[in-house]
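Secondary and tertiary structure notes
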2 protein chains.
Amino acid sequence: MRTAQNKRAKQRIFEAALALFARKGYAAVGVREIAKKAHVNISMINYYFGEKAGILKAIINECYDRYFKTIKPVGDEDLPVDEHIRKMIRTGVNFFRKNTELAIVAFDVIPLDIPEVMGLKVKWVTGIREGMENFRKKLGVDSRDVLQESLGPNVFVAVILNHFQGKYAAEQYPQFKEYVAQLNDAFYERYADALADLFLYGYMGRKKKENKEEE
Amino acid sequence: MRTAQNKRAKQRIFEAALALFARKGYAAVGVREIAKKAHVNISMINYYFGEKAGILKAIINECYDRYFKTIKPVGDEDLPVDEHIRKMIRTGVNFFRKNTELAIVAFDVIPLDIPEVMGLKVKWVTGIREGMENFRKKLGVDSRDVLQESLGPNVFVAVILNHFQGKYAAEQYPQFKEYVAQLNDAFYERYADALADLFLYGYMGRKKKENKEEE
DNA sequence: TTATCTGTCAAACGTTTGTTTTAATCAATC
DNA sequence: GATTGATTAAAACAAACGTTTGACAGATAA
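Remarks on the domain arrangement of chain A
Residues and elements named next belong to chain A.
- Per the domain assignment, the segments of chain A are domain 1 (1–50) and domain 2 (57–214).
- When each unit is reduced to the centre of its C-alpha atoms, the spacing between domain 1 and domain 2 is 28 Å.
- Opposite the 8 residues of domain 1 that make contact, domain 2 presents 10 residues.
- Summed over both sides, the interface between domain 1 and domain 2 buries roughly 810 Å², with carbon and sulfur atoms accounting for 79% of that surface.
- Sorting the residues of domain 1 by area buried against domain 2 places Phe14, Leu18 and Ala22 first, and these three jointly supply 57% of that buried surface.
- The interface formed by domain 1 and domain 2 includes 0 salt bridges.
- Looking at the side of domain 1 that touches domain 2 element by element, the count peaks at 6 residues for helix 1 (residues 3–24).
- Among the residues forming the side of domain 1 that touches domain 2, the class breakdown is 7 nonpolar, no polar and 1 charged.

Pasting the structure below:
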């Protein structure tokens, strides 16, 4: 076995494709372009991934797998609500910061028309939702209620993802250099805290209002 | 002039492309597929839109134009903060509900690599941001502060868009029929209200906290 | 009536697409 | 020293790509 070198070629393809997909979208990138960027022969793509869509599937699996492994243990922790929300948001921000390209490609709605890809996503989303049941309950979110579910943890995941999509877009164009420069470690400490406050007060306020209405 | 018929063909191309782009992504859709769905000849696409990217540009312009015209007057209204947030969110929900495909295509981060398309988006986003200055001030958001800006109105726009992306995806697969069926008029009344509560309490809570810290 | 313009069409343009095949080379394992 | 697996280059494949062309019908304008 030459796993050290194997991995290097497969990994190079993976990373080259990831960067290209994130910028151009899956369908706009050709296998020749990927091969060129990865410094491998075209046939290596089919050798390792079977087909072009195989790379996309690998990206989706890698992203959701990392996401699950990152977020699940934090969701299972036994903390007071406020601390728990804060820690979850902090964890989420860190994840998206470290895995921006992965998330942009894997969490993009498009393409919806490749059944195998959609199947993968559905499987993962379902699994993650089930894994977050404890945290959801702590927030007072009943997953059988469509309204409550639509105000659950996915809400702040959407906000964070949106932020990093914007950041990534800004990074592609030099005119936004000053904006991007401000998004440093210190910023994300404050950002995570501010977001946590926003949702914390939001959830608490809603709960109070519901209790009043029940009286 | 035969504008009545002209519009019909151009409009058919626009709508066919929109539906296909929303499902598959811009790059994955060929001009022949669009022409077939629109029941026009392939050359009609270049005749009306110059190039394939012309359709995408038209979609982006149409979406942002509608969005601006919908949201701007509401943002300029003179209402108490709580009512204002509520009305803005209600307006946003209605917009995304009516223009889901338009929003999915126009607000998608990808593709980032077509400078003309990115230029369009930047122009619109800048314009809309400037147009929302009054509302932003009322929320207590200083647009020169990156942190505050990243917690501004774009936060709940992201949440709403995320919801309708999910809904649209669910509509494409029959296994989610029951979920989609629950998303009716009544749901969206409650959804908009609940979202408004969430952010209202969130912003108020954050403001209180800031005041305390200043003491 | 003749000339012009507009919408529409089929056909063809040269590229590029994803994939497969074949032959050859290189390094590591048995 | 034979075998195996990783990698390369080059070529071929049919299919699809975005765009252009030239012709023609019908309405409009001179």
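Don't stop here, the text continues.
Section: the packing of aromatic side chains
- A complete count under the given rule lists 31 aromatic pairs over all chains for this structure.
- Judged by centre distance (5.4 Å) and plane angle (85°), the ring pair of Phe95(A) and Phe96(A) falls under edge-to-face. Comparing Phe95(A) with Phe96(A) shows no difference in burial state: the two are buried.
- When the ring of Phe187(B) is compared with that of Tyr191(B), the centres are 5.6 Å apart and the planes differ by 15°; the resulting orientation is stacked.

Comments concerning helix 7 (residues 115–131) of chain B
- Given a rise of 1.5 Å per residue, 17 residues ought to cover 24 Å, and the 24 Å separating the end C-alpha atoms of helix 7 of chain B matches this to within 8%.
- Restricting attention to buried positions, one finds in helix 7 of chain B the residues Val117(B), Met118(B), Leu120(B), Lys121(B), Trp124(B), Ile128(B) and Gly131(B). End-on view of helix 7 of chain B: buried residues confined to an arc of 155°, all on one side of the axis. The exposed set on the far side of helix 7 of chain B, more than 90 degrees from its buried face, consists of Pro115(B), Glu116(B), Lys123(B) and Glu130(B).
- The inward-facing, buried residues of helix 7 of chain B contact helix 10 (154–171) of chain A together with helix 4 (52–75), helix 6 (100–106) and helix 8 (133–139) of chain B.

Digging into the pattern of salt bridges
- Taken as a whole and assessed by the stated rule, the structure comprises 34 salt bridges over all chains.
- A salt bridge links Asp76(B) to Lys72(B), with the nearest nitrogen and oxygen atoms 3.0 Å apart.
- Residue classification places Asp76(B) among the partly exposed positions, given a relative accessible area of 35%.
- Here the salt bridges share partners, and the residues they tie into one network are Arg86(A), Arg90(A), Asp193(A), Asp197(A) and Lys209(B).

Some words on the interface of chain B and chain A
- Every contact between the two is made by 53 residues of chain B and, on the other side, 53 residues of chain A.
- Interface area for chain B against chain A, summed over the two sides, is near 4,500 Å², with a carbon-plus-sulfur share of 72%.
- In terms of surface lost to chain A, no three residues of chain B exceed Leu112(B), Val146(B) and Leu198(B), which account for 14% of the buried area on that side.
- On inspection of chain B and its partner chain A, the count reaches 2 salt bridges.
- Asp197(A) is the salt-bridge partner of Lys209(B), the closest N and O atoms lying 2.9 Å from each other.

Reading guide: rules and limits
- Residues numbered from 1 in each chain as written.
- Chains lettered and ligands numbered in written order.
- Predicted model: local features only at pLDDT ≥ 70, side-chain atom pairs only at ≥ 80, totals over all residues.
- Heavy atoms only, no water.
- Domains from an automatic or database assignment.
- Contact = heavy atoms within 4.5 Å.
- Buried area = accessible area lost by both parts, 1.4 Å probe.
- Salt bridge = Lys/Arg side-chain N within 4 Å of Asp/Glu carboxyl O.
- Helix = DSSP H or I, 4+ residues; strand = E, 2+ residues; numbered from the N terminus.
- Nonpolar A, V, L, I, M, F, W, Y, C, P; charged D, E, K, R; others polar.
- Phe/Tyr/Trp six-rings, centres within 6.5 Å; stacked < 30°, edge-to-face > 60°.
- Buried < 20%, exposed > 50% of the residue type's maximum accessible area, 1.4 Å probe, protein only.
- Expected span 1.5 Å × (residues − 1).
- Arc of directions from axis to C-beta.

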